[in-house]
Amino acid sequence: MDIIRLDTSDRALVEEHYAALNQIHLDQTPDLPGRCREQWVDAIDHPWPGEATEIWTAVEGGRIVGGIVLDMSTRDNLTLMGLELWVSKEHRRRGVGRALHARAVERARANGRTTVVGGCRGEGPGHAFAEAMGATWAMNEVRRRWEAGTVPDADLDALLAEAWTHAEGYEVVTWRDGVPDALVNDAAYLEGRMLIDIPMGDIPVEKEEVDVDLIRAKDAALLVRKRRRFNAGALHQGRLVAYTTIAFDHGIGWHGWQWMTIAHPEHRGHRLGTIVKLVNLAFVRAEVPELRALDTWNSEENRHMIAINEAVGFRAREATADYKLELA
């Protein structure tokens, strides 16, 4: 068996890697759509801005039997590396995972990273493997799903009306895809607060450095990935003080992803999270009538956002855990 960095110029190899990675995903979470092909194949030469990504594969008998995806920010959090490790079912318990993990540690050190963070789904073997590699628990997360009809529309309307009684002086706007130019500076400030405003367990994170150029670079990257986005924001005296996003993978309308929801710390307590989520949900349902389900992840500690999501109709579907490995 050889551990080889993925040659992105070899399109047949890129397709093989995507197919193997997608099969693992479908086996683990059959209720979710397959991995977005546009992200893993069509955008392979368009890396996510502000990040360096390395893909390594375990090859045996000319076939890809496992792999690692390493994500490293190039702007902030320069000691962290994200790790996704997978091994095909028929090649587990044969040392493939250990060999891939060793390569991940090697690459972390080569890139000056001192903490490696990776996630494990459900109650599978990933937890025991992480602990055997010396990693320790860092954070629990829960995937929740919204499905049409879980909360009657009349109840959602009442929830929104009640929330507005706490938000005098605010207004809402909606937009598709990239944030309007008039609001982009405010959006950069809000996005930069994400990692310090939400619970991150024992993962050592610092504030992200987000500016307008980065946001526009992300817009361009998402365009290459053919992802649609729908957004709702709360304004106060013309300034964007909260917003939320729902995104769709290319070619899929029945399912979407509830992405970030964030409010300016000086404007909390006005139910803005509830307002923008409900307004955006109505916006999406009008634009994408075939929508049946949305999925989102929250830290188990993020009780405030979980309460909002539960009220809107999100229900727990899957528990996951993040582990961290501190390198000497």
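Scroll up for the structure.
Notes on the structure in this doc start here.

The rules behind these values
- Residues numbered from 1 in each chain as written.
- Predicted model: local features only at pLDDT ≥ 70, side-chain atom pairs only at ≥ 80, totals over all residues.
- Heavy atoms only, no water.
- Helix = DSSP H or I, 4+ residues; strand = E, 2+ residues; numbered from the N terminus.
- Rg over C-alpha atoms; globule rule 2.2 N^0.38 Å.
- Buried < 20%, exposed > 50% of the residue type's maximum accessible area, 1.4 Å probe, protein only.
- Contact = heavy atoms within 4.5 Å.
- Core = buried A, V, L, I, M, F, W, Y, C linked by side-chain atoms within 4.5 Å.
- Phe/Tyr/Trp six-rings, centres within 6.5 Å; stacked < 30°, edge-to-face > 60°.
- Pairing = 2+ DSSP bridges.
- Axes fitted to C-alpha atoms, helices over the stretch in contact; angles between N-to-C directions.
- Right-handed = clockwise from strand over helix to strand, strands pointing away.
- Salt bridge = Lys/Arg side-chain N within 4 Å of Asp/Glu carboxyl O.

## Structural notes on the overall build of the chain
For step 1, the next point in the chain: Each helix and strand in the chain was counted, giving 10 helices and 12 strands.
For step 2, the next point in the chain: On C-alpha atoms alone, the chain measures out to a radius of gyration of 20 Å, which is about the 20 Å that the 2.2 N^0.38 rule sets for 328 residues.
For step 3, the next point in the chain: Projected onto the principal axes, the alpha-carbon positions of the chain cover approximately 65 × 35 × 35 Å.
For step 4, the next point in the chain: Across the 328 residues of the chain, 50% fall into the buried class.
For step 5, the next point in the chain: Within the chain, counting contacts between residues at least 6 apart in sequence, those at least 24 apart form 73% of the total.

## Quick notes on the nonpolar core
For step 1, the next point in the chain: Grouped together as the largest cluster of nonpolar side chains are 30 residues, with contacts concentrated most on W146, F248, L272, I275, V284, L294 and V312.
For step 2, the next point in the chain: Of all elements in the fold, only α5 (153-164), β8 (228-236), β9 (239-248), α9 (272-287) and α10 (303-312) reach the threshold of two or more residues within this core.
For step 3, the next point in the chain: Excluding anything up to four places from it in sequence, L272 contacts A167, Y170, A234, V241, A242 and H267.
For step 4, the next point in the chain: Core analysis: the second largest hydrophobic core is formed by 23 residues, A58, A104, V116 and L327 among them.

## Some remarks on helix α6 (residues 184-192)
Three or four residues apart is the spacing at which side chains of an α-helix point the same way, because the helix has 3.6 residues per turn.
For step 1, the next point in the chain: By the criterion of burial, α6 is predominantly enclosed, with seven of the nine residues buried.
For step 2, the next point in the chain: Inspection of α6 places V184, D186, A187, A188, L190, E191 and G192 among the buried residues, and these make up the whole buried set.
For step 3, the next point in the chain: If you follow the buried residues of α6, they end up packed against α7 (194-197), α8 (212-224), β9 and β10 (255-263).

## Regarding the packing of aromatic side chains
For step 1, the next point in the chain: This structure, assessed with the given rule, holds four aromatic pairs.
For step 2, the next point in the chain: Note on W175 and Y243: the rings are 5.8 Å apart at their centroids and 40° apart in plane angle, and the pair reads as tilted. In this pair, W175 is assigned in strand β7 (residues 170-176) and Y243 in strand β9, connecting sequence segments 68 residues apart.
For step 3, the next point in the chain: Since its relative accessible area comes to 7%, W175 is described here as buried.
For step 4, the next point in the chain: Each ring, one from F230 and one from F248, has its centre 5.7 Å from the other, and the planes form 85°; the classification is edge-to-face.

## Looking at the sheet that holds strand β4 (residues 80-87)
For step 1, the next point in the chain: A sheet is described by the order of its strands in space; here 12 strands give the open sequence β1-β2-β3-β4-β5-β12-β6-β11-β10-β9-β8-β7, paired in mixed fashion. One side of each edge strand has no neighbouring strand; the edge strands of this open sheet are β1 (2-5) and β7. Each neighbouring strand pair of the sheet contributes to a mean axis angle of 25°, computed without reference to strand direction.
For step 2, the next point in the chain: With three bridges connecting them, β10 and strand β11 (residues 293-299) associate as parallel partners. Paired with W257 across the bridge in β11 is D295.
For step 3, the next point in the chain: Along the sheet, α10 contacts β6 (136-147), β10, β11 and β12 (314-326); its crossing angle with β11, the most-contacted strand, is approximately 160°.

## Observations concerning the environment of L272
For step 1, the next point in the chain: By the element assignment, L272 lies in helix α9.
For step 2, the next point in the chain: Taking the relative accessible area as the measure of exposure, L272 reaches 3% and is therefore buried.
For step 3, the next point in the chain: Spatially, the C-alpha atoms of L272 and S9 are 46 Å apart, while their sequence positions differ by 263 residues.

## What to know about the pairing of β11
For step 1, the next point in the chain: Among the seven residues in β11, six count as buried, and that is most of the element.
For step 2, the next point in the chain: Strand direction decides the pairing type here: β6 and β11, joined by seven bridges, are antiparallel. Bridge pairing in β11 places E141 opposite S299.
For step 3, the next point in the chain: Crossover β10 to β11 through α9 is right-handed.

## Regarding the pattern of salt bridges
For step 1, the next point in the chain: For the structure shown, the criterion picks out 33 salt bridges.
For step 2, the next point in the chain: A salt bridge links R94 to E60; the nearest nitrogen and oxygen atoms lie 2.7 Å apart. One end of the pair, R94, is in the loop between β4 and α3 (96-110); the other, E60, is in strand β2 (residues 51-60), and 34 residues separate them in sequence.
For step 3, the next point in the chain: Note on E60: relative accessible area 27%, which makes it partly exposed.
For step 4, the next point in the chain: Among the ionic pairs, D219 bridges to R216, the shortest N-O distance being 2.9 Å. Of this pair, D219 and R216 both sit in helix α8, separated by three residues, roughly a single helical turn.

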